[in-house]
Amino acid sequence: MLKLQSKIPEGPLAEKWSNYKSNQNLVNPANKRKLDVIVIGTGLAGAAAAASMAEMGFKVKSFCYQDSSRRAHSIAAQGGINAAKNYQNDGDSIYRLFFDTIKGGDYRSREANVYRLAEVSNEIIDQCVAQGVPFAREYGGTLDNRSFGGALVSRTFYARGQTGQQLLLGAYQALSRQVKKGNVEMYPRMEMFNLVIVDGKARGIIARDVITGKLERFSAHAVVLASGGYGNVYFLSTMAMGANVTAAWQCYKKGAFFGNPSFVQIHPTCIPVHGEYQSKLTLMSESLRNDGRIWVPKKLEDAKRLQNGEIGGADIPEEDRDYYLERRYPAFGNLVPRDVASRAAKERCDAGFGVNETGLAVFLDFRDAIQRLGKDVIEAKYGNLFQMYEKITDHNPYEVPMMIYPAIHYAMGGIWVDYELQTTIPGLFATGESNFSDHGANRLGASALMQGLADGYFVLPYTIQNFLAHEINTPRFKTDLPEFEQAEKEVQEQLEKLMAVKGTMSVDTLHKKLGHIMWNYVGMARNKEGLEKAILEIADLKKEFWNNVNIPGELNDLNVELQKASRLADFIELGDLMARDALNREESCGGHFREEYQTGEGEALRNDKDFTYVAAWEYKGEDKEHVLHKEPLKFEYIEVKQRNYK
Ligand SMILES: Cc1cc2nc3c(=O)[nH]c(=O)nc-3n(C[C@H](O)[C@H](O)[C@H](O)COP(=O)(O)OP(=O)(O)OC[C@H]3O[C@@H](n4cnc5c(N)ncnc54)[C@H](O)[C@@H]3O)c2cc1C
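Analysis parameters
- Residues numbered from 1 in each chain as written.
- Predicted model: local features only at pLDDT ≥ 70, side-chain atom pairs only at ≥ 80, totals over all residues.
- Heavy atoms only, no water.
- Helix = DSSP H or I, 4+ residues; strand = E, 2+ residues; numbered from the N terminus.
- Expected span 1.5 Å × (residues − 1).
- Buried < 20%, exposed > 50% of the residue type's maximum accessible area, 1.4 Å probe, protein only.
- Polar contact = N/O pair within 3.5 Å; in protein donor to acceptor, adjacent residues only side chain to side chain.
- Pairing = 2+ DSSP bridges.
- Near = heavy atom within 4 Å.
- Areas by Shrake-Rupley, 256 points an atom, 1.4 Å probe, with all protein chains shown as cover.

Q: Can you walk me through helix α17 (residues 560–584) in this structure?
A: Residues separated by three or four positions in an α-helix point in the same direction, a consequence of the helix having 3.6 residues per turn. Across its 25 residues, α17 extends 36 Å between first and last C-alpha, which sits within 8% of the 36 Å expected from 1.5 Å per residue. Counting buried positions along α17 yields 19 of 25 residues, so the element is predominantly enclosed. N-capping of α17 is provided by Asn559, with a side-chain oxygen placed 3.2 Å from the backbone N of Glu561.

Listed below in structure tokens is the structure:
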């Protein structure tokens, strides 16, 4: 059995990354321009990586399926990005950011990776400020920041509620500069469908021009995946509608292991589901929990009246409100991590205290903050979020409390990578949300942007050189090699197979069915019986999909339904793997809550003795069992404890 090599450098924790950088192989400037790198994705991870590598002199081919790289899903990020700058002088440090992240991830991530992440977090802010990212500032001109869940310090840098958008504009500018200089070739509206491996190394891709439907071949010395997360496996999520798993899944099928697929994040502050025909959920940023207080009624009869629309939240007097997070977790209150806040909301709603017509909502109330700070202050901090909420729900959150409920938001699982961000396929790297990442079983808020940009600006541009340094004598590849032909044939056959089904069910109907299975059995709470049921139901759904999906339009044309169908085919297979991974992990841990494993107080109960490992799955072929490999996690610098936010 293949042994997973995490390649964690020797030496003390705080010196590992500098030791690595001092000893790794570098490529000399004259050789850099002889080397090509393909980057899939132009979100923060991909844009940062492409811009940085091109700035260094490598020749980069940058792909995304949107009409512009600026439309990558990263643009949606609202709340902010973490860094251990300690501007507030409230006791922050690199070690504390490292500690909070490891603890927040429920001790299921690598110490060395997380320490490196905390270390480079400060460089990210400097880099982005230099690019002109308009972070919020204090009166005196220094950068402002705010608190996010899972931390007792204020370390989240933000640009109103548009942090992702502003960071992406910064990265996009850097990318555009390299396009002009000729170091980046941009391929928008090109969807990667297959990976090409030559002599055991990743050497290219097959992509489909989404406008003409034409398949094209691209070669390079290395391929970087920055293709984002897979939350849309649940159909309803906060993700961009087009977000998918296809690029990662095709790499999985070609030999890249998949890490911790069942670790997905459920975000506590989304606008509740309001109808069967909804296709998207909207997030209200976690930053709102700084000033908003979360509550449900204390009395069941009040909850019933709210559910029947007889009264509103403002009609319930203070003494009859249950601020359940402040009650259960006095130390962190409303700023407990997302998994904890989500489960607590579910617990109250399951007990009948939900506040909307479906009973699946709790209040997020700004009444006290407006009284204390004034409406102007709240508007300056969260104005665009309030406006967005009002546009969607037709309720004015300055006057009535918002209603929120947990929803799928982020994938902590993804392609397994070593310390160098290299997958189990040499020459294939994965960054940002597409890799299984540094977040363990739960991502703390504001740390995905940090990880994407850390990978893109500061980690991959170094680590990829350790691989590329051995490739300087490898000439540029022609795409007429048999490996390219075979990979293209595989894609062509799969697309033709899809078009040939000519069934009666729309892609969205089938996707919604998958979403229901995933949410009901592989969602906020999981158990053995439910997971086994999910595996059987997904197998039935797979048959139904391949027998009855209806894809109108043509193969060689702009065909959005074909794009969606092909993504759904991959989501169905991923859903099965997620259920199997969740079934294997007989413990509760971060976003993975197995009902059989909980404390008397309903908190997640980890099993460190048996499950302190990364589950890295290997694909063995259609209808064959996936094989589980275990990367043991060693904690040398921190004590592994039961998480406590009380
Ligand atoms: C509403 C919302 C708010 C958020 N707020 C925050 C926040 O405040 N702070 C925080 O830290 N995180 C936040 N996040 C999470 C964060 O935004 C994401 O984790 C992060 O932006 C992912 O970046 P990425 O570069 O890895 O991928 P993405 O930004 O998802 O980019 C993926 C790229 O891959 C491309 N791609 C995918 N598949 C293919 C393919 N087959 N072929 C070609 N191209 C492909 C896409 O075109 C796109 O360019 C938020 C997420 C959401 C949904």
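After that view of the structure, there is still more to cover.
Q: Is there a simple way to explain the pairing of strand β9 (residues 222–225) in this structure?
A: For a regular strand, side chains alternate in direction, first toward one face of the sheet and then toward the other. The side-chain alternation of β9 yields two buried faces, one formed by Ala222 and Val224 and the other by Val223 and Leu225. Bridge analysis of strand β1 (residues 36–40) against β9 gives four bridges, and the strand direction is parallel. Looking at β9, one finds that Val39 is bridged to Val224. As defined by bridge partners, β9 adjoins strand β17 (residues 428–430) across three bridges and the pair is classed as parallel.

Q: For this particular structure, what's the right way to read the side chain of Ser262?
A: By the secondary structure assignment, Ser262 is in the loop between β10 (258–259) and β11 (264–270). Take Ser262: its relative accessible area is 0%, and that puts it in the buried class.

Q: Can you help me understand helix α7 (residues 246–253) in this one?
A: Extensive coverage of α7 is indicated by the burial of seven of its eight residues. Looking one or two residues past α7, Gly255 carries a phi angle of roughly 120°, positive in sign.

Q: Sorry, what's going on with the site of the ligand here?
A: For the ligand, the set of nearby residues contains 37 residues, the closest of which are Gln66, Ser74, Gly79, Met192 and Glu433. In the model, an oxygen atom of the ligand is placed 2.7 Å from a nitrogen or oxygen of the Gly79 main chain. In the model, an oxygen atom of the ligand is placed 3.4 Å from a nitrogen or oxygen of the Ser447 main chain. Burial of the ligand by the protein amounts to 97% of the accessible area it has alone, namely 1000 Å².

Q: Please explain the sheet that holds strand β18 (residues 613–618) as it appears in this structure.
A: In a beta sheet, neighbouring strands pair by backbone hydrogen bonds and run either parallel or antiparallel. Strand order in the open sheet made by the four strands is β16-β10-β18-β19, with antiparallel pairing throughout. The open sheet has two edge strands, β16 (414–415) and β19 (627–632), and neither has a second partner. Sheet analysis places β18 next to β19, joined by six bridges and oriented antiparallel. By the bridge assignment, Trp617 is partnered in β19 with Leu628.

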